[in-house]
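Now for the letters of each chain:
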Amino acid sequence: MEIKPFNILPLIKFFQHDLEKIKMAFRLSDTIRKDVKNIRAAGDEVEFAVRDFFKNKLSPRYHVNDGHIVDENLKISPQYDVVVSENSKNPVLFNLADKSELLYYEPVFAYGEVKKSLYNDNLIKDFSENVKRSNKELIREIIPSNFIETGSTGIQVESPLTELPLRNPILRFMFFVDGSSLNSTKVGKFLKDTDDSYLPNYMVFLNVGIILNVCSESLEAGRISINLYPEYESKPTEWILLELEDENNVLIYQYLLLLEHLNNSIVGTPNVLKYTNNLFGISMSNIHKL
């Protein structure tokens, strides 16, 4: 009896429908911008399509929407186009009328910005400025590197489980559908001149490739060792543009980068009482013994 080898999974075909929906939204956005003269609505078409991609792929474990992140002191971040949170940890503080949300900071895994194209050189700079503000203004407890989650609680073991100093790093990304106006030299200079902790962890240009951070030593040896969290790297690193031949490959690759982050991170649960006390300004002056 002939033993036939297993088939090779054509992964690219499973993302073709998702890619077409994003490209269709891109084409429709051009029509809305040129013929309807509505720039905001044109941008929304692309944003909705990309966000729906993440929603469909990450549901039901992860909650994906746009909105503002709120910390326990009720400080509010700028609005982000994509925020990924742990669905089982009650991530939504409040639903707004435009369907965006106010989201507790503790369950947040990642946030990102979606753009039709790199139509302005300041887009990356502006996003980095928002990251910088969010890093400095918003607070949440660090989950130590030796923490193991067990049900609704967890334990700390003797040895760290990750090379990172924490289990709940935030992943930040930018997603551009059209990268034809990308000036890699100019972007590269900005990345080198800016603190890594204020930069996106990677940038997606759907029809070009992905800008990401790699180990300098490995690159010199002809290999690519990706630093998904460059701000925590102690060894020399480089920013590169990884060019991929097909838009499908770019879509899959960036999705797997996000999945790698989600699979290796743990996020916290909001202390709702602390939020509530701050929300209503409860202090000892409000309390009277009975």
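What comes next is a walk through the structure. A quick note: this is a predicted structure, and the numbers were derived from the prediction, not measured.

### Side note on the overall build of the protein
Then, in step 1: Scanning the protein from terminus to terminus reveals seven helices and 11 strands.
Then, in step 2: Taken against the 2.2 N^0.38 rule, which gives 19 Å for 290 residues, the C-alpha radius of gyration of the protein at 21 Å falls within 12% of a compact globule.
Then, in step 3: For the protein, the spread of C-alpha atoms along the three principal axes comes to 75 × 55 × 55 Å.
Then, in step 4: Residues classed as buried in the protein amount to 47% of the 290 residues present.
Then, in step 5: Partitioning the intrachain contacts of the protein with sequence separation of at least 6 by distance along the chain shows that 70% fall at a separation of at least 24.

### Brief notes about the packing of aromatic side chains
Then, in step 1: Taken as a whole and judged by the stated rule, the model has 12 aromatic pairs.
Then, in step 2: When the centroid spacing of 4.1 Å and the interplanar angle of 25° are considered together, the rings of Tyr80 and Tyr111 count as stacked. Taken together, the residues span a long stretch of sequence, with Tyr80 in strand S2 (residues 76–86) and Tyr111 in strand S5 (residues 108–117) at a distance of 31 residues.
Then, in step 3: On the basis of relative accessible area, Tyr80 is assigned to the buried category, the value being 1%.
Then, in step 4: By relative accessible area, which is 2% here, Tyr111 ends up buried.
Then, in step 5: Grouping aromatic residues by their ring pairs yields a cluster made of Phe15, Phe53, Phe54, Phe173, Tyr202 and Tyr255.
Then, in step 6: Above the ring of Phe15, the side-chain terminus of Lys57 is found at 4.9 Å from the ring centroid.
Then, in step 7: Directly above the aromatic system of Tyr105 lies the positively charged group of Arg140, at a separation of 4.8 Å from the ring centroid.

### Focus: the environment of Val267
Then, in step 1: The residue Val267 is located in the loop between helix H6 (247–263) and helix H7 (272–279) in this model.
Then, in step 2: Between the C-alpha atom of Val267 and that of Phe109, which follows or precedes it by 158 residues, the distance is 6.8 Å.
Then, in step 3: Leave out the neighbours within four places in its chain, and Val267 touches Glu86, Lys89, Glu106, Pro107, Val108, Phe109, Arg140, Ile143, Glu149 and Asn168.

Rules behind the numbers
Residues numbered from 1 in each chain as written. Predicted model: local features only at pLDDT ≥ 70, side-chain atom pairs only at ≥ 80, totals over all residues. Heavy atoms only, no water. Helix = DSSP H or I, 4+ residues; strand = E, 2+ residues; numbered from the N terminus. Rg over C-alpha atoms; globule rule 2.2 N^0.38 Å. Buried < 20%, exposed > 50% of the residue type's maximum accessible area, 1.4 Å probe, protein only. Contact = heavy atoms within 4.5 Å. Phe/Tyr/Trp six-rings, centres within 6.5 Å; stacked < 30°, edge-to-face > 60°. Lys NZ or Arg CZ within 6 Å of the ring centre and 35° of its normal.

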